[in-house]
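Listed here are the chains, written in short residue letters.
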Amino acid sequence: MDTQNSELNKKLNPVKIFKQEILPILADLRLAITLLLIIAICSISGTVIEQGESIPFYQENYPEKPALFGFLTWKVILLLELDHVYRTWWFLSILILFGASLTACTFTRQLPALKFAQRWKFFDKKSQFKKLALSAEIETGSLDSLEKILQKKGYLTFKETDKLYGRKGIIGKVGPIIVHASMLIILAGSIIGSMTGFTGQEIVASGETFKVKNIVDAGIFAESQIPKDWSVGVNRFWIDYTPEGTIDQFYSDLSILDKSGEEVDRKTIFVNQPIRYHGVTIYQADWGIAAVKVRVNKSPVFRLPMAQLNTAGGGRIWGTWVPTKPDLSEGISLLAKDLQGTVLIYDGTGKLVSSVREGMSTEVNGITLFVDKIIGSTGLQIKADPGIPIVYLGFGLLMLSVLMSYVSHSQIWAWQENERLYIGGKTNRANVAFEREILEILDILEGERNICAEEKFSPDLAKEIKLGEN
């Protein structure tokens, strides 16, 4: 009975089960390739489908009838959480499983292969050289000369009496391990970024100050990354236009303010030139019209907010309404499509009655309307991703390790029996180049042998030998 229990305990040993059953599955190359394809497909879906938008956005762009591709509707997107793919539990689970597969492959295949490459032994039999892809036999040769030649060619040599071993390019065996390590670092950076990063959006009028509050996408541990002890002031927002009237570039002059309102950093940002502060990056992403400053007759200049109108794809237009009678029974509409300073004026029937530029006035509906200034608003995207430096480190190592993997691991054996020298070698890649190297080594040895023969049997020495014989 005790024997049966002992055998049962061995069978139920978690470590043994993991090593014999789970680890081989994780280290299977087919599993790694399958997971990599799934990650690629999920990443493509996250690129094609807009991320972090509102439910009405998906309802409008992915209606049920007709469904995109016959199945992709807003309900499917929300059900599968395709509106925030990179932060879903199932995508992170796939990344973790892929990382486990890489780790298992590293410890079960790559590290043993490196250890095996570091092991070596001398050859001292003809049959061992015959099994090598490249081998040669020299009638007279010097093991010492061969060692010097190999060392000049970058080989690490080991010599023992009549036997020699040389190798180079062991770094080529380290390369695949670094490839796996760099991919694990990239995965770790991606997971950390997904769990601790956030994305926010703010539309702020020129001259206003804001704190980051409008968070559109965030990881489960992103709260610590959202700035609470500093704010951002928009000193000025402006747009440069081309001579044809199209937008050339738009700019935001931003100040980072501490708790007391003191400026700690300042920069003018534009597209692809953000400002970074305490791990948070603020990008120039959009623009709009916030308000217009006007004066009616002799009234003080007052500010009217402008709202973007729905044009059904006909362009971006902002509008507001100005009362022309004290009882608000009548009024005019002001419309603007850019910050170039022109305002269109429509009456109560929707008829265009006039247009006016900044700093000018016009007579309309029995009043004098003066337009002082159109106030623009900057659209900012605020991001924090603590995983980015880790990802960059992983990609840097990946590029380095790929280059390392192309280095050939070459090995050469030699054995001297009396004066006869046996040489052989093998490599894991670049076989043609290695064959040329072996032939070059043999040519050098042959040349040295001929020189020694000439020195040993020079004409004067032969004459002395002949005279001695006489």
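Residues numbered from 1 in each chain as written. Predicted model: local features only at pLDDT ≥ 70, side-chain atom pairs only at ≥ 80, totals over all residues. Heavy atoms only, no water.

Caption draft 1: Local environment of the nonpolar core. Judged by nonpolar contacts, the single largest core of 24 residues is most densely connected at Trp287, Ile289, Val292, Leu334 and Leu369. Elements supplying a minimum of two residues to this core: strand S7 (231-241), strand S11 (280-296), strand S14 (318-323), strand S15 (331-336), strand S16 (342-346) and strand S19 (367-384). Leaving out residues up to four positions away in the same chain, Leu369 has contacts with Val294, Arg295, Val296, Ile332, Leu334, Ile345, Met360, Ser361, Thr362 and Val364. If you look at the next biggest cluster of nonpolar residues, it comprises 21 residues, including Tyr62, Leu82, Phe91 and Leu95. (Core = buried A, V, L, I, M, F, W, Y, C linked by side-chain atoms within 4.5 Å. Buried < 20%, exposed > 50% of the residue type's maximum accessible area, 1.4 Å probe, protein only. Helix = DSSP H or I, 4+ residues; strand = E, 2+ residues; numbered from the N terminus. Contact = heavy atoms within 4.5 Å.)

Caption draft 2: View of the sheet that holds strand S1 (residues 134-138). Ordered by their spatial adjacency, five strands build an open sheet running S1-S21-S20-S3-S2, and the pairing between neighbours is antiparallel. Taken across any chain shown, the strands that pair with only one partner, and hence form the sheet edges, are S1 and strand S2 (156-160). Going across the sheet, the axis of each strand differs from the next one's by a mean of 10°, ignoring polarity. Across the face of the sheet, helix H8 (residues 143-152) comes into contact with S2, strand S3 (163-168), strand S20 (410-417) and strand S21 (420-427) while running at roughly 165° to S2. (Pairing = 2+ DSSP bridges. Axes fitted to C-alpha atoms, helices over the stretch in contact; angles between N-to-C directions.)

Caption draft 3: Spotlight on the confidence of the model for the protein. Per-residue confidence for the protein averages 86 on the pLDDT scale, and 93% of its residues sit at or above 70. Ignoring residues within four places in sequence, the model shows residues 456-470, a span with pLDDT below 50, making two contacts including any to other chains. (pLDDT = per-residue confidence, 0-100.)

Caption draft 4: Looking closely at the pattern of salt bridges. Using the criterion set out here, one finds 15 salt bridges in the structure. Of the charged contacts in the structure, one is a salt bridge between Lys228 and Glu223, with a shortest N-O distance of 3.2 Å. Under the relative-accessibility criterion, Glu223 is labelled exposed at 52%. Across the pair Glu263 and Arg266 runs a salt bridge whose closest N-O atoms are separated by 3.9 Å. One network of salt bridges, with partners in common, ties together Glu160, Asp162 and Lys163. (Salt bridge = Lys/Arg side-chain N within 4 Å of Asp/Glu carboxyl O.)

Caption draft 5: Geometry of H8. When we look at burial in H8, the residues that qualify are Leu143, Ser145, Leu146, Glu147, Ile149 and Leu150. The N-cap residue of H8 is Ser142: its side-chain oxygen and the backbone nitrogen of Asp144 are 3.3 Å apart. Trailing H8 by a residue or two, Gly154 shows a phi angle of about 90°, which is positive. (Polar contact = N/O pair within 3.5 Å; in protein donor to acceptor, adjacent residues only side chain to side chain.)

Caption draft 6: Summary view of the pairing of S3. Counting buried residues in S3 gives five out of six residues, a clear majority hidden from the surface. Looking at chain direction, S2 and S3 are connected through five bridges and run antiparallel. Across the sheet, the residue bridging to Phe158 is Tyr165, located in S3. Where S2 folds back onto S3 in an antiparallel hairpin, the turn is made up of two residues, including Thr161, whose phi is positive at roughly 50°. Alignment of S3 against S20, held across six bridges, turns out to be antiparallel. Within S20, the position partnered with Lys163 by the bridge is Trp415.

Caption draft 7: Highlighting the packing of helix H6 (residues 89-118) against helix H9 (residues 171-196). It is the contact of H6 with H9, at a shortest axis distance of 9 Å, that shows an interaxial angle of 160°. In terms of orientation, H6 lies roughly antiparallel with respect to H9. Every pair of crossing elements has a handedness; the one defined by H6 and H9 is left-handed. The class makeup of the residues in the contact of H6 with H9 is 17 nonpolar, seven polar and one charged. (Parallel < 35°, antiparallel > 145°, perpendicular 65-115°, else oblique. Left-handed = near helix turned anticlockwise from the far one by under 90°. Nonpolar A, V, L, I, M, F, W, Y, C, P; charged D, E, K, R; others polar.)

Caption draft 8: The arrangement of a nonpolar patch on the surface in detail. On the surface, Leu29, Ile33 and Leu37 cluster together into a nonpolar patch covering about 300 Å² of accessible area. Its place among the elements puts Ile33 in helix H3 (residues 29-48). Judged by relative accessible area, Ile33 falls into the partly exposed class, the value being 45%. (Patch = residues over 30% accessible without salt bridge, like charges linked within 9 Å, V, L, I, M, F, W, Y side chains within 5 Å. Areas by Shrake-Rupley, 256 points an atom, 1.4 Å probe, with all protein chains shown as cover.)

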